[in-house]
Amino acid sequence: AAVNIRNRSYIITAEVTVEDAKASGVLFSQGARFGGHSLYLKDGVLKYVYNFVGDKEQMITASKPVPTGKVLLTAAFVRENKDMPAAGTLTLYINDEAVGSGKIITQPGNFSLVGEGLNVGVDPGVPVTDDYAGARPFRLVGGKVAQVIVDVSGEPYVNLEHEAAMAFLRD
């Protein structure tokens with residue numbers, strides 16, 4: 001079970017203690033190469049990738065390295081359309097400072113047909129991206145993740161036509 005971010009705005013925040021200026025590894029991942037997203041460090045730089053159904057890898061990279069010590073590392077997606085797939089701007093933050101942003105599209109369905117789930121501190125299955133440093137399971141090296149919070153407090157998208165069709169199938 002994992003938080004449902006499909007078709008809505010969301011914020012992923014990792015509380016991390018960075019011990020090495022070149023820390024690398026996954027902070028948060030969900031899904032895999034054929035649909036998924038990941039917040040990670042590579043050589044001390046914060047990155048976020050959204051892999052749209054294995055067809056389009058969308059990467060946002062911070063403009064400056066992450067400092068050592070306790071930090072909040074955030075990826076915040078703001079949906080800007082009412083169509084499908086959801087599209088908008090993803091902004092990276094180190095503590096409260098915006099350090100990178102770009103436009104992305106998100107997939108309307110589940111992340112993986114085989115059900116690869118949500119991971120914190122590693123990406124042990126098929127990786128979301130080939131950009132990770134090191135080898136599987138792409139464990140965070142040079143830092144420790146205290147916790148990751150995913151906020152989906154905004155209004156969810158509801159496909160009323162799909163919901164009506166599903167209601168007729170239940171009877």
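Please refer to the structure higher up on the page.
A brief report on the enclosed structure follows.

Analysis parameters
Residues numbered from 1 in each chain as written. Predicted model: local features only at pLDDT ≥ 70, side-chain atom pairs only at ≥ 80, totals over all residues. Heavy atoms only, no water. Pairing = 2+ DSSP bridges. Helix = DSSP H or I, 4+ residues; strand = E, 2+ residues; numbered from the N terminus. Polar contact = N/O pair within 3.5 Å; in protein donor to acceptor, adjacent residues only side chain to side chain. Contact = heavy atoms within 4.5 Å. Axes fitted to C-alpha atoms, helices over the stretch in contact; angles between N-to-C directions. Buried < 20%, exposed > 50% of the residue type's maximum accessible area, 1.4 Å probe, protein only. Salt bridge = Lys/Arg side-chain N within 4 Å of Asp/Glu carboxyl O.

1. Remarks on the pairing of strand β1 (residues 10-18)
Here is step 1 of the chain: Both β1 and strand β6 (residues 69-79) contribute to a ladder of nine bridges, which runs antiparallel. Note on β6: the bridge partner recorded for tyrosine 10 is phenylalanine 77.
Here is step 2 of the chain: In this sheet, strand β10 (residues 143-151) lies alongside β1 in antiparallel orientation, the contact comprising eight bridges. Among the inter-strand pairings, threonine 13 is bridged to a residue of β10, identified as isoleucine 149.

2. Concerning the side chain of serine 38
Here is step 1 of the chain: Its location among the elements puts serine 38 in strand β3 (residues 35-42).
Here is step 2 of the chain: Side-chain polar atoms of serine 38 contact the backbone oxygen of phenylalanine 28, separated by 3.2 Å.
Here is step 3 of the chain: Setting aside its immediate chain neighbours within four residues, serine 38 contacts Val26, Phe28, Ser29, Lys47, Tyr48, Val49, Val128 and Tyr132.

3. Considering the sheet that holds β6
Here is step 1 of the chain: Across the sheet, which stays open at both edges, the five strands sit in the order β8-β7-β6-β1-β10 with antiparallel pairing between neighbours. Only two strands of the sheet have a single neighbouring strand rather than two, namely β8 (97-105) and β10. For this sheet, the mean angle separating the axes of adjacent strands, direction not counted, is 15°.
Here is step 2 of the chain: As judged from the seven bridges shared by β6 and strand β7 (residues 87-94), these two strands associate in the antiparallel manner. Counted as the bridge partner of phenylalanine 77 is leucine 90 from β7.

4. Re unusual backbone geometry
For residues besides glycine, phi is generally negative; the peptide bonds are generally trans as well.
Here is step 1 of the chain: Residue methionine 84 is joined to proline 85 through a cis peptide bond whose omega torsion reads -5°.
Here is step 2 of the chain: Within the fold, proline 85 resides in the loop between β6 and β7.
Here is step 3 of the chain: Residue proline 137 is bonded to the preceding arginine 136 through a cis peptide linkage, with omega at 15°.
Here is step 4 of the chain: With respect to the secondary-structure elements, proline 137 resides in the loop between β9 (118-120) and β10.
Here is step 5 of the chain: For asparagine 7, which is not glycine, the phi dihedral falls at a positive 65°.
Here is step 6 of the chain: Unlike most non-glycine residues, phenylalanine 138 shows phi in positive territory, near 55°.

5. Considering the environment of alanine 75
Here is step 1 of the chain: Looking at the secondary structure, you find alanine 75 in strand β6.
Here is step 2 of the chain: With relative accessibility at 0%, the residue alanine 75 sits in the buried group.
Here is step 3 of the chain: In this structure the C-alpha to C-alpha distance between alanine 75 and isoleucine 60, which are 15 residues apart in sequence, comes to 9.3 Å.

6. Quick look at the pattern of salt bridges
Here is step 1 of the chain: What the rule picks out here adds up to six salt bridges.
Here is step 2 of the chain: The salt bridge partner of lysine 47 is aspartate 131, with a shortest N-O separation of 2.9 Å. Residue lysine 47 is found in strand β4 (residues 45-52), and its partner aspartate 131 is found in the loop between β9 and β10; the two are separated by 84 residues along the sequence. For the pair shown, lysine 47 and aspartate 131 are each scored as buried.
Here is step 3 of the chain: Salt bridges here are not isolated pairs; linked through shared partners, they connect Lys42, Lys47 and Asp131.

7. Overview of the sheet that holds β4
Here is step 1 of the chain: Pairing is antiparallel across the open sheet formed by five strands, whose spatial order is β5-β4-β3-β2-β9. Edge positions in the open sheet fall to β5 (56-61) and β9, since each of these has one partner strand only. Taken over all neighbouring pairs, the strand axes of this sheet differ in orientation by 10° on average, direction set aside.
Here is step 2 of the chain: Where β3 lies against β4, seven bridges are found, and the strand directions are antiparallel. Bridge pairing in β4 places histidine 37 opposite tyrosine 50.

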